[in-house]
Amino acid sequence: MAIIVNLDVMMARRKMSLGQLANQVGITQANMSILKTGKAKAIRFSTLNAICAVLDCQPADILEYRADD
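The structure presented is a predicted model; accordingly, all values stated were derived computationally and were not measured.

Q: Explain the overall build of the protein to me, please; I cannot follow it from the model alone.
A: Within the protein, the regular secondary structure consists of five helices and two strands. Along the protein, helices (α) and strands (β) appear in the sequence β-α-α-α-α-α-β when read from the amino end. In terms of overall size, the protein behaves like a compact globule, its C-alpha atoms giving a radius of gyration of 11 Å where 69 residues would be expected to give roughly 11 Å. Referenced to the eigenvectors of the C-alpha coordinate spread, the extents of the protein come out at roughly 35 × 20 × 20 Å.

The structure is reproduced here in structure tokens:
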């Protein structure tokens, strides 16, 4: 099972930096970086909700499932 995080793609589409997004979402840049690089083991729904609100997107725009080959 592989969950792919496309947060960097959405940030680029919205021309938003990691610091700007972290500030508007209300989490640290370090935690946002962990989410962006796909190293996070989990994400709170409240954090996902805030990210989607700031980036004006759907959760599926950020998270993608790809089956293992």
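Past the structure itself, the notes keep going.
Q: What should I look at first to understand the state of the cysteines in this one?
A: A covalent bond bridging the sulfur atoms of two cysteines is what the word disulfide describes. Within the structure shown, the criterion is met by zero disulfides. Cysteine Cys57 shares no disulfide, and the gap to the nearest cysteine sulfur, in Cys52, comes to 4.2 Å.

Q: Just to check I follow, could you spell out the environment of Ala12 for this structure?
A: By the element assignment, Ala12 lies in helix α1 (residues 7-13). For Ala12, a relative accessible area of 55% translates into the label exposed. Taking the C-alpha atoms as reference points, Ala12 and Ala42, 30 residues apart in sequence, are found 23 Å from one another.

Q: Which parts of the structure should I look at to understand the nonpolar core?
A: General note: in soluble globular proteins, nonpolar side chains tend to be found buried as a group. Membership of the largest hydrophobic core comes to 17 residues, with the highest contact counts inside it found for Leu7, Leu21, Met32, Ile51, Leu55 and Ile62. Those elements that provide at least two residues to this core are α1, α2 (18-25), α3 (29-36) and α4 (45-55). At five residues, the largest contribution of residues to this core is made by α4. Not counting residues within four places of it along the chain, the set of residues in contact with Ile62 comprises Ile4, Val5, Asn6, Leu7, Met10, Leu48, Ile51, Cys52 and Cys57.

Q: Please clarify how the side chain of Asn6 should be interpreted in this entry.
A: Checked against the element boundaries, Asn6 lands in the loop between β1 (2-5) and α1. Using a relative accessible area of 16% as the deciding quantity, one classes Asn6 as buried. For Asn6, the contacting residues outside a window of four places in its chain are Asp61, Ile62 and Glu64.

The rules behind these values
- Residues numbered from 1 in each chain as written.
- Predicted model: local features only at pLDDT ≥ 70, side-chain atom pairs only at ≥ 80, totals over all residues.
- Heavy atoms only, no water.
- Helix = DSSP H or I, 4+ residues; strand = E, 2+ residues; numbered from the N terminus.
- Rg over C-alpha atoms; globule rule 2.2 N^0.38 Å.
- Disulfide = S-S within 2.5 Å.
- Buried < 20%, exposed > 50% of the residue type's maximum accessible area, 1.4 Å probe, protein only.
- Core = buried A, V, L, I, M, F, W, Y, C linked by side-chain atoms within 4.5 Å.
- Contact = heavy atoms within 4.5 Å.

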